[in-house]
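Geometric and topological summary
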Amino acid sequence: MEQAAGCPAVGGSYPQKNAEILSSQYGINLFLAGLLLTFAWAVHAVGISKSHLLSYLITLMLIQLLWMLWYLCRSCTQRRLIRDKDTHAGARWLKCGITLFAVITLILDSFKIGYYIDFSNCLSPTEGIFPVTHAVHTILQVYFLWCHAKDVIQSFKTLERFGVIHSVFTNLLLWTNGVLTESKHQLNEHKERLITLGFGNITIVLDDHAPQCNCTTTTLCSIFSQGIYYLYPFNIEYHILASTMLYVLWKNIGRKVEHHQQTKTPFKFHGITVGMIFGLIVLTSTIAIVVVYLIQIGGSKIKSELALTMFYLHAIFVLALMCTAGIVALLIYRLEERSLDNSKNPARKLDAELLVGTAAGSWLLSWGSILAIICAQGHPKYTWYNLPYSILVIIEKYIQNLFIIESIHREQEKANDDIKTLRIVTISRGTTLSLTPLYKEIYNGRAAHDSDDIPCLFKGSICGRENNSAGVAKEETSQDNSLVMHSASDFSFCSRNSVTNNKRRILKNIAAFLFLCNLSLWIPPAFGCRPEYDNGLEEIVFGFEPWIIVVNLAMPFSIFYRMHSAASLFEVNCKT
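Keep in mind the model is a prediction, meaning the values are calculated, not measured. (Residues numbered from 1 in each chain as written. Predicted model: local features only at pLDDT ≥ 70, side-chain atom pairs only at ≥ 80, totals over all residues. Heavy atoms only, no water.)

**A word on the overall build of the chain**
Cut-off, in case you're wondering: In this description a helix means any DSSP run of H or I spanning at least four residues, a strand means any run of E spanning at least two, and both kinds are numbered starting from the N terminus. Each residue is placed in one exposure class: buried if its accessible area under a 1.4 Å probe, protein chains only, is under 20% of its type's maximum, exposed if it is over 50%, and partly exposed if it falls in between. Any pair of residues with heavy atoms lying within 4.5 Å of one another is described as a contacting pair. Areas reported as accessible are Shrake-Rupley estimates using a 1.4 Å probe. Residue values count occlusion only from the protein chains shown.
For the chain, the helix and strand inventory stands at 17 helices and two strands. Each of the 576 residues in the chain was classed as buried or not, and the buried ones make up 50%. Put simply, 85% of the contacts in the chain that link residues at least 6 apart link residues at least 24 apart. With the model as given, the accessible surface of the chain reaches about 28,600 Å², and the carbon-plus-sulfur share is 64%.

**Concerning the confidence of the model for the chain**
The cut-off we apply is this: Confidence of the predictor in every single residue is expressed as pLDDT, which spans 0 to 100.
For the chain, the mean per-residue pLDDT works out to 77, and 73% of the residues sit at or above 70. For the stretch residues 415-474, pLDDT sits under 50, and the model shows 79 contacts to residues farther than four places along the chain or on other chains.

**Focus: the pattern of salt bridges**
Note that side chains of opposite charge can pair when their charged atoms are close. Spelled out, the test is: In the sections that follow, a salt bridge refers to a side-chain nitrogen of Lys or Arg positioned within 4 Å of a carboxyl oxygen of Asp or Glu.
Tallied over the entire structure, the rule returns five salt bridges. Its salt-bridge partner being Lys251, residue Glu20 comes within 3.9 Å of it at the nearest N-O pair. Residue Glu20 is found in helix 1 (residues 9-42), and its partner Lys251 is found in helix 6 (residues 218-251); the two are separated by 231 residues along the sequence. Between Arg74 and Glu160 there is a salt bridge, with its nearest N and O atoms 2.5 Å apart. One end of the pair, Arg74, is in helix 2 (residues 50-77); the other, Glu160, is in helix 5 (residues 157-194), and 86 residues separate them in sequence.

**Description of the packing of aromatic side chains**
The cut-off we apply is this: Only the six-membered ring of Trp is used, alongside the rings of Phe and Tyr, when aromatic pairs are assigned; centres must lie within 6.5 Å, and planes under 30 degrees apart are stacked while those over 60 apart are edge-to-face, with the rest tilted.
Following the criterion strictly, the structure yields 22 aromatic pairs and no others. When the centroid spacing of 5.7 Å and the interplanar angle of 55 degrees are considered together, the rings of Tyr26 and Phe162 count as tilted. Remark: Phe162 occurs in helix 5 and Tyr26 occurs in helix 1; sequence separation between them is 136 residues. For Phe162, a relative accessible area of 28% translates into the label partly exposed.

**Section: the environment of Ser155**
Here Ser155 shows up in the loop between helix 4 (126-148) and helix 5. For the pair Ser155 and Gly254, spaced 99 residues apart in sequence, the C-alpha separation works out to 8.0 Å. Filtering out sequence-adjacent residues up to four positions away, Ser155 remains in contact with Arg74 and Glu160.

**Focus: the environment of Tyr382**
The residue Tyr382 is located in the loop between helix 9 (346-375) and helix 10 (386-409) in this model. Distance in space between the C-alpha atoms of Tyr382 and Ala307 is 9.4 Å, their sequence separation being 75 residues.

**Concerning the packing of helix 6 against helix 17 (residues 544-575)**
Rules: Lines fitted to C-alpha atoms define the axes here, with helix axes fitted over just the stretch in contact, and angles between the N-to-C directions of these axes take values from 0 to 180 degrees. An angle below 35 degrees is read as roughly parallel, one above 145 as roughly antiparallel, one from 65 to 115 as roughly perpendicular, and any other as oblique. Here a crossing is called left-handed whenever its near helix is offset anticlockwise from the far helix by less than a right angle, and right-handed whenever the offset is clockwise. Residues were grouped as follows: Ala, Val, Leu, Ile, Met, Phe, Trp, Tyr, Cys and Pro as nonpolar; Asp, Glu, Lys and Arg as charged; and all remaining residues, including Gly, as polar.
Orientation of helix 6 relative to helix 17, taken along the N-to-C sense of each, is 65 degrees, at an axis distance of 11 Å. In terms of orientation, helix 6 and helix 17 fall into the roughly perpendicular class. In the crossing of helix 6 with helix 17, the sense of the turn from one axis to the other is right-handed. Residues Glu237, Ile240 and Thr244 of helix 6 lie in contact with helix 17, whose contacting residues are Ile559, Phe560 and Met563. When grouped by side-chain class, the residues that make up the contact of helix 6 with helix 17 number four nonpolar, one polar and one charged.

**Concerning helix 7 (residues 273-296)**
Each full turn of the α-helix corresponds to 3.6 residues, which orients residues three or four apart in the same direction. Quick note on the threshold: By definition here, a helix of n residues has an expected span of 1.5 Å times n minus one.
Between its first and last C-alpha atoms helix 7 spans 34 Å; for 24 residues at 1.5 Å apiece the expected length is 34 Å, and the two agree. Immediately downstream of helix 7, the backbone of Gly298 shows phi near 90 degrees, a positive value.

**Points about the environment of Asn235**
With respect to the element layout, Asn235 can be found in helix 6. Through-space distance from the C-alpha of Asn235 to that of Leu106 is 8.8 Å; in sequence the pair is 129 residues apart. Excluding residues within four positions of it along the chain, Asn235 makes contact with Thr105, Leu108, His134 and Gly178.

**Focus: the nonpolar core**
Side chains that are nonpolar tend, in soluble globular proteins, to be buried together. The following threshold applies: Take the buried Ala, Val, Leu, Ile, Met, Phe, Trp, Tyr and Cys residues and link them wherever side-chain atoms come within 4.5 Å; each set so joined is a nonpolar core. Where each domain starts and ends comes from a domain assignment, either automatic or drawn from a database.
Counting 123 residues, the largest nonpolar core has Phe144, Met322, Tyr389, Phe403 and Leu514 as the members making the most contacts within it. In terms of residues, this core owes the most to one element, helix 6, which gives 16 residues. Among the domains, domain 1 (15-256) and domain 2 (270-412 + 499-575) are the pair contributing at least three residues each to this core. Here Met322 is in contact with Glu396, Gln400, Phe513, Leu514, Cys517, Asn518, Leu521 and Arg562, once residues within four sequence places are set aside.

**So, the side chain of Asn518**
Note on placement: Asn518 falls in helix 14 (residues 473-526). A residue is classified by how much of its surface remains accessible, and Asn518, at 0% relative accessible area, is buried. For Asn518, the contacting residues outside a window of four places in its chain are Met322, Gln400, Tyr561, Arg562, Ser565, Ala566 and Leu569.

**What about a nonpolar patch on the surface?**
What counts, and what does not: Residues enter patches when their relative accessible area tops 30% and they take part in no salt bridge; the joining distance is 9 Å for like charges and 5 Å for the nonpolar side chains Val, Leu, Ile, Met, Phe, Trp and Tyr.
The grouping of Ile113, Ile117, Val132 and Val136 at the surface amounts to a nonpolar patch, some 320 Å² of accessible area in total. Taken together, the elements giving at least two residues each to the nonpolar patch come down to helix 3 (92-118) and helix 4.

**Topic: the packing of helix 9 against helix 10**
Orientation of helix 9 relative to helix 10, taken along the N-to-C sense of each, is 170 degrees, at an axis distance of 9 Å. Viewed along their axes, helix 9 and helix 10 adopt a mutual orientation that is roughly antiparallel. Counted by class, the contact of helix 9 with helix 10 contains 16 nonpolar, seven polar and three charged residues.

Right under this line is the structure:
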């Protein structure tokens with residue numbers, strides 16, 4: 001039984017720390033058992049079939065469903081209680097993103113159900129039960145995350161730790177299963193394309209898990225089998241996003257939250273037109289490149305080489321632009337004097353760790369390509385474009401990670417006290433007037449410039465004469481001098497404010513541009529445009545199987561990095 005909140009912290013800290021350690025070890029063992037089962041199925045281990053793996057995943061999902069239902073029921077009975085919330089966790093845009101991926105995942109489940117019905121004669125019943133269970137699991141989990149991602153659990157903490165960590169590793173195993181299934185499909189296509197590039201010495205052995213029976217409806221079977229693999233990238237992103245949100249919930253259990261008002265940071269299109277235009281140009285061109293690449297690659301040796309050359313040239317240009325944009329943003333930060341927010345924040349810490357950790361996947365592939373180019377004896381012309389591409393991938397992630405991590409740690413700019421406080425100046429005979437524009441006008445840079453709209457402060461002597469036309473000349477002179485000093489002070493302030501607004505506008509455009517660029521660079525590897533497979537040079541240097549293992553391990557992290565970077569840059573744009 002949990003100790004009461006009023007008990008000494010020292011006495012209650014040891015059981016809670018033990019609960020955290022025990023639950024994390026439980027989750028790791030759960031994941032390792034599933035990972036080994038997945039690996040055994042992938043390599044066709046004796047006595048291990050796909051039905052065993054699916055049965056394990058179904059069991060984990062059912063346990064998580066029971067826990068989520070229990071948590072939701074308990075929350076409904078205690079909805080009148082005031083609960084602590086982590087305002088940094090579960091942002092609305094993140095919930096919207098995971099909902100979009102969940103909807104596409106439900107379409108994937110419906111395709112799997114249709115695929116099972118068409119091949120029901122030779123498929124295990126678990127292959128029909130799995131998509132149904134997964135669909136229910138997806139719907140309830142998205143609802144749970146929408147309602148409770150911000151919760152800071154303070155009751156039944158030991159039980160909740162096990163429930164949440166179980167959910168984290170269940171999603172990680174579902175992500176692993178999706179990655180492996182999609183990778184096996186990509187690998188089969190890659191093996192068939194290698195021969196067109198002239199690498200005939202590589203043995204082509206397809207790893208086929210297709211059903212050993214005829215389909216009842218040939219057309220529908222073709223639609224389902226092909227459509228499933230185009231939807232897998234969204235399913236993969238859904239599960240990794242869900243696991244990160246649940247991990248933050250787990251880290252927040254028992255945490256003491258500082259109660260302060262969270263500044264809302266809505267997304268606005270105003271002021272980011274330039275960044276959006278350039279970003280949309282990159283996005284559109286990338287989609288076109290991917291379509292052409294997938295059509296041309298494998299058609300013939302000449303077409304494949306042209307497709308690879310086209311991909312590398314486009315990627316080099318985009319990465320160079322991203323590096324330049326990141327450097328400009330960092331230079332602006334160096335010119336500003338703003339402190340960093342070092343308060344405890346599990347969500348922000350996880351974001352930074354994921355950026356660096358998942359970037360290692362791309363770095364591994366890039367260094368492998370660089371080493372292959374240096375060591376290879378023969379170099380087809382298109383492989384030389386791989387060298388600047390690989391170098392730019394490393395540099396771009398260095399710069400972008402630094403920009404994002406510094407951005408999410410910077411304290412939000414507070415409104416200047418000189419703006420908040422309206423200056424009231426005595427003009428004559430105790431009469432007072434507001435001598436500054438409204439706060440919103442100055443802050444948004446919309447202070448009027450026409451002479452009719454300029455406030456009294458900027459027309460000091462004129463105001464003085466109009467309000468005290470019958471006054472003494474000395475009083476007018478004194479008032480004029482006082483108002484001129486205030487006018488000079490406000491001109492200086494407006495100048496500083498204008499510079500600050502320009503910097504913010506540049507940073508917002510850079511964040512918007514990088515956001516769309518990261519979405520663009522997510523598309524090629526997610527939908528099968530993978531030159532690391534099709535280049536062929538790395539497979540000669542390292543060997544076919546070792547390089548394929550490296551690619552299959554590193555590529556999922558590289559794909560996730562781009563989506564996670566896009567999400568982080570969206571947050572940076574909102575905060576700037």
